[in-house]
Amino acid sequence: MSARHFLSLMDCTPQELIDLVRRGIELKDLRKRGVLFEPLKNRVLGMIFEKASTRTRVSFEAGMIQLGGQAIFLSTRDTQLGRGEPVCDSAIVLSSMLDAVMIRTFAHSTLTEFAAHSVAPVINGLSDDLHPCQLMADMQTFHEHRGSIAGKTVAWIGDGNNMCNSYIEAAMQFDFHLRVACPEGYEPNAELMAQAGDRVQLLRDPRAAAEGAHLISTDVWASMGQEDEVAARIATFRPYQVDRALLDVAAPNVLFMHCLPAHRGEEISEDLLDDPRSVAWDQAENRLHVQKALLEFLVEPAYHHA
């Protein structure tokens, strides 16, 4: 039996994704009540980081420990991955020793190649193309605060980056309408846009995108690896700052999300994370809970002896 991977939201059915969100909420409740739940005792998650991380590392490592298992942190400095061993060879060896592998990388092809040669489930902890785990946390957060997102309107303001691409996949899988407001030359993946059809609308005006929206989301203007573009991007994206006035044109019960880290005074106004409509802190915490649901779903549970 070949392993199930989670490289993209398209790797699950819409029903599986909704079940994962609901399970994330249940696991969050168990943790709040201090209930010990360890289905992954003696299971080991390998975490490969080509890109640095705060939330991804802590949420996967803490999540694995809370489920009774262990996590091993591997940076490219500590492994052969950064020293010329082919990805397929690393995949064969590492997956024979681990019960799951989470990879945070630059090229999405690293993930697909690793998964093709892995006997253990592979999870996308972020690639240049997609960030599906973050989207699952966003969907859990919306569900907790507002119920089902199906049929709702979501606005993505800013760069058509990996987060935006995953929002397009989420629009297809969770059945909502997405408006993307971005400057010319910073559009999301054209293939994904075509696949989504009229479910996704591309706009240049952030106010038009935000109008009547139930959820507004944004991200930093320059991601890791784009440090040399910062000044140019700040000038281009200035009109795309999300502030309280932008939230005011949205639906009265709008939620604001940001996957963090945030640059106050750039993609968001200084005070936006303090606005009662912002749920960014819940959203960050939910990475832990929904990824635990994902680990539970993908990793073979420990054998229970009667």
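This text gives an overview of the structure that appears in the document. Note that residues are indexed from 1 along each chain, following the sequence as it is written. Local features in this predicted model are restricted to residues whose pLDDT is 70 or higher, and side-chain atom pairs enter the listing and the counts only when it is 80 or higher, whereas totals over whole chains, interfaces and linings include all residues. The side-chain figures draw on all heavy atoms in the structure; neither hydrogens nor water molecules are used.

1. Considering the overall build of the protein
Helix and strand assignments come from DSSP, with helices taken as H or I runs of at least 4 residues and strands as E runs of at least 2, each series counted from the N terminus. Helix and strand counts for the protein come out as 11 helices and nine strands. In this description the radius of gyration comes from C-alpha coordinates, and the expected globular size is given by 2.2 Å times residues to the power 0.38. Here the C-alpha radius of gyration of the protein, 19 Å, is about what a compact globule of 306 residues would show, namely 19 Å. The burial tally for the protein puts 54% of its 306 residues in the buried class. A separation threshold of at least 6 residues defines the contact pool for the protein, and within that pool the share at least 24 residues apart is 73%. Surface accessibility follows the Shrake-Rupley procedure with a 1.4 Å probe radius. Residue values consider only the protein chains on display as shielding. Looking at the protein as shown, the accessible area adds up to about 13,100 Å², and 52% of this sits on carbon and sulfur atoms. Asp and Glu count as negative and Lys and Arg as positive, but His and the ends of the chain are not part of the count. Lys charges are placed at NZ, Arg charges at CZ, Asp charges at CG and Glu charges at CD. Distance from the positive charge centre (28 side chains) to the negative charge centre (42 side chains) of the protein: 6 Å. Burial status follows relative accessibility: with a 1.4 Å probe on protein chains alone, a residue under 20% of its type maximum counts as buried, one over 50% as exposed, and anything between as partly exposed. Note on contacts: a residue pair qualifies if any of its non-hydrogen atoms lie within 4.5 Å across the two residues.

2. Let's talk about the environment of lysine 28
One can find lysine 28 in helix H1 (residues 14-32). With a relative accessible area of 10%, lysine 28 lands in the buried category. Considering only alpha carbons, one finds lysine 28 and leucine 288, 260 residues apart in sequence, at a separation of 8.5 Å. Pairs of N or O atoms within 3.5 Å make up the polar contacts considered here, provided that, within protein, one atom can donate a hydrogen while the other can accept it, and that residues adjacent in sequence are counted only when both atoms are side-chain atoms. Polar side-chain contacts of lysine 28 include one of 2.9 Å to the side chain of asparagine 286.

3. Topic: the packing of aromatic side chains
Note on ring pairs: Phe, Tyr and Trp rings are taken, using the six-membered ring of Trp, and paired if centres are within 6.5 Å. Classes follow the plane angle, with under 30 degrees stacked, over 60 edge-to-face and the rest tilted. Within this structure, the stated rule accounts for five aromatic pairs. Where phenylalanine 49 meets phenylalanine 73, the ring centres are 5.2 Å apart and the plane angle is 35°; that geometry is what we call tilted. With phenylalanine 49 in strand E1 (residues 44-49) and phenylalanine 73 in strand E2 (residues 70-75), the pair connects residues that are 24 residues apart, well separated along the chain. Following the ring pairs from residue to residue traces out a cluster consisting of Tyr186, Trp221, Phe237 and Tyr240.

4. Looking at the sheet that holds strand E4 (residues 122-126)
For two strands to count as paired, DSSP must find a minimum of two bridges between them. The strand order E2-E1-E3-E4 describes an open sheet built from four strands, whose pairing is parallel. Strands at the two margins of the open sheet, each flanked by one partner only, are E2 and E4. Strand after strand, the sheet turns through a mean of 20° between neighbouring axes, direction not considered. With four bridges joining them, strand E3 (residues 100-104) and E4 adopt parallel strand pairing. By the bridge assignment, methionine 102 is partnered in E4 with isoleucine 123. Lines fitted to the C-alpha atoms define the axes, with helices restricted to the stretch that makes contact. Angles between their N-to-C directions range from 0 to 180 degrees.

5. Remarks on a nonpolar patch on the surface
On the surface, a cluster of nonpolar side chains totalling about 300 Å² of accessible area is made up of Ile92, Val93 and Met97. Considering the arrangement of structural elements, one finds isoleucine 92 in helix H3 (residues 87-97). Given the relative accessible area of 47%, isoleucine 92 is considered partly exposed. Nonpolar side chains (Val, Leu, Ile, Met, Phe, Trp, Tyr) are joined into patches within 5 Å and like charges within 9 Å, using only residues with over 30% relative accessible area and no salt bridge. Think of a salt bridge as a Lys or Arg side-chain nitrogen and an Asp or Glu carboxyl oxygen that are within 4 Å of each other.

6. Brief notes about the pairing of E2
In the sheet, E1 pairs with E2 via six bridges, with the strands oriented parallel. Pairing of valine 44 across the sheet is with glutamine 70, part of E2. By definition, the crossover connecting two strands over a helix is right-handed if that path, from the first strand to the second, turns clockwise as seen with the strands pointing away from the viewer. Read as a crossover between parallel neighbours, the route from E1 over helix H2 (residues 55-66) to E2 is right-handed.

7. Brief notes about the nonpolar core
In these notes, a set of buried Ala, Val, Leu, Ile, Met, Phe, Trp, Tyr and Cys residues joined through side-chain atoms within 4.5 Å is what counts as a nonpolar core. Residues Phe6, Tyr167, Phe176 and Leu178 are the most contacted members of the largest nonpolar core, which totals 56 residues. For this core, the element with the most residues is helix H6 (residues 162-174), which contributes eight residues. In this structure, leucine 178 is in contact with Val154, Trp156, Tyr167, Ile168, Ala171, Arg199, Val200 and Gln201, ignoring residues within four places of it in sequence. Membership of the second largest hydrophobic core comes to 24 residues, among which are Leu203, Phe237, Ala250 and Val254.

8. Examining H6
Expected helix span is given by 1.5 Å per residue-to-residue step, counting one fewer step than there are residues. Compared with the 18 Å implied by 1.5 Å per residue over 13 residues, the 18 Å span of H6 between its first and last C-alpha is a close match. Most of H6 sits out of view: 13 of its 13 residues are buried. At the N-terminal boundary of H6, the capping side chain belongs to asparagine 161, with an oxygen 3.1 Å from the backbone nitrogen of methionine 163. Note on H6: the residue one or two positions beyond its end, aspartate 175, has a positive phi of about 65°.

9. Re unusual backbone geometry
Most peptide bonds are trans, and most residues other than glycine sit at a negative phi. Cis rather than trans, the peptide bond between leucine 260 and proline 261 has omega equal to 0°. Backbone geometry at aspartate 175 places phi at a positive 65°, although glycine is not the residue there. By the element assignment, aspartate 175 lies in the loop between H6 and strand E6 (177-181). The backbone of leucine 260 shows a phi angle near 65°, a positive value even though the residue is not glycine. Mapped onto the fold, leucine 260 is located in the loop between strand E9 (255-258) and helix H11 (280-298). Taking relative accessible area as the criterion, leucine 260 reaches 10% and is therefore assigned buried.

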